[in-house]
Amino acid sequence: MLYTALKVLSFIFSHMPYGMLIALGKGAGKIYYYVAKKQRLRAEETIKECLGYSDAEADIAIHELCKNLGMTFLEIFAMPSLNRDNIGRYVKIQNREVLDRALAEKHGVVLVACHMDNWEWLGATLALNGYPMSAVEKPQPNRVYSVFMNELRRGAGQEIFSRGTTEILGCARAMKKGRIVGLVADQDGGEAGIFVPFLGKMASTPQGPVYFARKFKAPIIPVFILRNTDGKGHVLSFGEPVVCRDTGNKVEDDYVTTLAYSRQVEEMIKRHPNQWIWFQHRWNTPYPKG
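How each quantity is defined
Residues numbered from 1 in each chain as written. Predicted model: local features only at pLDDT ≥ 70, side-chain atom pairs only at ≥ 80, totals over all residues. Heavy atoms only, no water. Helix = DSSP H or I, 4+ residues; strand = E, 2+ residues; numbered from the N terminus. Buried < 20%, exposed > 50% of the residue type's maximum accessible area, 1.4 Å probe, protein only. Contact = heavy atoms within 4.5 Å. Pairing = 2+ DSSP bridges. Axes fitted to C-alpha atoms, helices over the stretch in contact; angles between N-to-C directions.

I keep staring at unusual backbone geometry and nothing clicks. Help me out?
If a residue is not glycine, its phi is most likely negative; likewise, a peptide bond is most likely trans. Of note, the phi angle at Asp117 is positive, near 50°, even though the residue is not glycine. Residue placement: Asp117 occurs in the loop between β2 (109-113) and α7 (119-128). Despite not being glycine, Leu199 shows a phi value in the positive range, around 55°. Relative to the elements of secondary structure, Leu199 occurs in the loop between β6 (194-198) and β7 (201-205).

This is the structure we're talking about:
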């Protein structure tokens, strides 16, 4: 029943004029601002702590974030409408030569994304532009949502791996083929993560990017997608490639490498604070003291 409902909504939004979709999404986001009070208040407290915002500044930023989320939510449902012919109308790719040069080395590329703007359209855009894109799914609370989301991703031409052993083997196979492996740079890495300063607090960061980059001698490239100021369309760009440091001290090398790409993510969030999800549990894992 739920799966059918999701497919019906996807069909409707996929056939809706883009301007109407954006207007409807913006309205839904305004409603979300008032309905999701718990998430909103947590986001406001986090942005005040991390960026030193006043109450008024935090409220404005999070209100804009909620509108962006509303538009993103409907765009995700409309992913089946994207194809190689029309993707350029919705997402412009800047400095793609950064990725092209890295792929030409034939060691694969570790692409690290963050939860800014429409990250689902980020992977779809690259795949529809002919880039060999592989990614790891983020399991949803309800397995039906995961199945639905993975169908959307694969429909855009992405190779998707599940978490766990399949994730590791799949990513390794993709790297051997010289493909792009998309991983997340701004989620909590748990107790096994690498702690680096992030927006003023020590944050556990997943080991995946440095693990695959070191193993396959591949660069780590931050990638960002940002919504245009009028809400319609996006710009995708790449950060500076980060090469895995290798001095023989693995712990220190992993820290330095992780910090290098995390700083690029941090700076992008500071420049566009209303497009990053401030209520996610980024700092869930306590930093071990002593």
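Read on for the rest.
Whenever I open this one, the environment of Gly182 confuses me. Can you help?
Assignment of secondary structure puts Gly182 in strand β5 (residues 180-184). C-alpha separation for the pair Gly182 and Val223, spaced 41 residues apart in sequence, amounts to 9.4 Å.

What's the story with the side chain of Asp253 in this structure? I'm lost.
Position of Asp253 relative to the elements: it lies in helix α11 (residues 250-271). With relative accessibility at 3%, the residue Asp253 sits in the buried group. Setting aside residues up to four positions removed in sequence, Asp253 forms contacts with Arg245, Asp246, Thr247 and Gly248.

Even after reading the chapter, I still don't get the sheet that holds strand β8 (residues 220-227), so can you show me in this structure?
Hydrogen bonds along the backbone pair up the strands of a sheet, which may run parallel or antiparallel. Spatially, β1-β9-β8-β2-β5-β3-β4 is the arrangement adopted by the 7 strands of the open sheet, whose pairing is mixed. Strand pairing shows two members of the sheet lacking a second neighbour, β1 (91-93) and β4 (159-161), which therefore form its edges. Averaged over all adjacent pairs, the angle separating strand axes in this sheet is 25°, with direction ignored. Sheet analysis places strand β3 (residues 133-136) next to β5, joined by 3 bridges and oriented parallel. If you follow Met133 over to β5, its bridge partner there is Ile180. Packing against the sheet, helix α6 (residues 97-104) makes contact with β2, β5, β8 and β9 (234-238), and its axis sits at approximately 150° to β2.

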